[in-house]
Amino acid sequence: MKLNIYCIGRNYVNHAKELGNEVPKEPLLFSKPSHALVETKGQNIALPQQLGDIHHEIEIVLRINKDVKSGDRLEDVVSQMALGLDLTLRDVQSKLKTKGHPWLRAKGFKNSAIITPFWNISKKEDLSEFDFSLFKNGQVVQKGNSQAMIFDFQRIIDECEQFFGLGEGDLLFTGTPEGVGPIVSGDVCQLFWGEIEKGSFTVE
């Protein structure tokens, strides 16, 4: 059985505001197909540049390590994390939103869920100990910390378990801070946890 990829939108106040969106009162959840997933290995990653602006959204990604039951705690079901990019076809998304249509075409295209290799976490504090950041062509373009999230990791797990179910191997993209913007062919992207580079790729 393939893993599920669940994402939360507008989970940082300043990001919601920069796109002119209301700050949500409850988690805004959506999903991506498993075919959207690709791991950074310093390689070129092909993206559909012909479909308009593609925006980067760096996020903390949690991997579920067991089937989740109601009431399970974060530390019991998550033992690994990564950094990821939730890529968005922004022009496509804007058109879909004006028509009231689902975002799948804008959020679920191939290679739209880019992740670094996972690493082990030993305690809850490991998840918020450092800032995470995205560098594009050597310049920082996004920087955040999970302590600024509107809905914390536990709330996200609880919501996904309640409405969709969560199983071993499922991934949770937990929201992006402000600073989203376009990436184009030739851009070199590096994802950092604190001062440590966790993954990189070049846009093809």
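Shown above is the structure to which this text applies.
Conventions used here
Residues numbered from 1 in each chain as written. Predicted model: local features only at pLDDT ≥ 70, side-chain atom pairs only at ≥ 80, totals over all residues. Heavy atoms only, no water. Disulfide = S-S within 2.5 Å. Buried < 20%, exposed > 50% of the residue type's maximum accessible area, 1.4 Å probe, protein only. Pairing = 2+ DSSP bridges. Helix = DSSP H or I, 4+ residues; strand = E, 2+ residues; numbered from the N terminus. Phe/Tyr/Trp six-rings, centres within 6.5 Å; stacked < 30°, edge-to-face > 60°. Lys NZ or Arg CZ within 6 Å of the ring centre and 35° of its normal.

A.B. asks: Whenever I open this one, the state of the cysteines confuses me. Can you help?
C.D. replies: What we call a disulfide is simply a covalent bond connecting the sulfur atoms of a pair of cysteines. This structure, assessed with the given rule, holds 0 disulfides. Here Cys 7 stays unpaired: no disulfide links it, and the sulfur of Cys 160, its closest cysteine neighbor, is 9.0 Å away. When its relative accessible area of 1% is taken as the criterion, Cys 7 is described as buried. Accessibility expressed as a relative area gives 1% for Cys 160, which makes it buried.

A.B. asks: Looking at this structure, how should I read the sheet that holds strand S5 (residues 54-56)?
C.D. replies: The strand order S8-S5-S14 describes an open sheet built from 3 strands, whose pairing is antiparallel. In this open sheet, the two strands that pair with only one neighbour each are strand S8 (88-89) and strand S14 (181-182). As defined by bridge partners, S5 adjoins S8 across 2 bridges and the pair is classed as antiparallel. From the neighbouring strand, His 55 faces S8, where its bridge partner is Thr 88.

A.B. asks: Explanation requested: the pairing of strand S16 (residues 196-203) in the structure shown.
C.D. replies: Regular strands place side chains that alternate from one sheet face to the opposite one. Looking at chain direction, strand S4 (residues 44-45) and S16 are connected through 2 bridges and run parallel. Residue Asn 44 lies in a different strand from S16, and its bridge partner there is Thr 202. Two elements, strand S15 (residues 188-193) and S16, share 6 bridges in a ladder whose sense is antiparallel. Following the sheet pairing, Val 188 is matched in S16 by Thr 202. Hairpin connection from S15 to S16: 2 residues lie between these consecutive antiparallel strands, with Gly 194 at a positive phi of about 65°.

A.B. asks: Help me out: how do you make sense of the sheet that holds S16 in this one?
C.D. replies: In a beta sheet, neighbouring strands pair by backbone hydrogen bonds and run either parallel or antiparallel. On the basis of which strands lie adjacent, the open sheet formed by 5 strands has the order S4-S16-S15-S11-S12 and mixed pairing. Every interior strand has two partners, whereas the edge strands, S4 and strand S12 (139-144), have only one. Two elements, strand S11 (residues 132-136) and S12, share 5 bridges in a ladder whose sense is antiparallel. Within the sheet, the bridge partner assigned to Ser 133 lies in S12 and is Lys 143.

A.B. asks: Sorry, what's going on with the packing of aromatic side chains here?
C.D. replies: The description of an aromatic ring pair uses the distance of the two centres, along with the angle that the planes make with each other. With the rule as written, the count across this model stands at 5 aromatic pairs. Geometrically, the ring pair formed by Phe 130 and Trp 193 is edge-to-face, given 6.1 Å between the ring centres and 80° between the ring planes. Here Phe 130 is found in the loop between strand S10 (119-120) and S11, whereas its partner Trp 193 is found in strand S15, with 63 residues between them in sequence. Here Phe 130 falls in the partly exposed class, since its relative accessible area comes to 37%. Overall, the relative accessible area of 5% leaves Trp 193 in the buried class. An aromatic cluster of at least three residues, connected via ring pairs, comprises Trp 119, Phe 130 and Trp 193. For Arg 63, the ring lying beneath its charged end belongs to Phe 118, and the centroid distance is 4.1 Å. Directly above the ring of Trp 119 sits Lys 198, whose terminal nitrogen or CZ lies 4.0 Å from the centroid.

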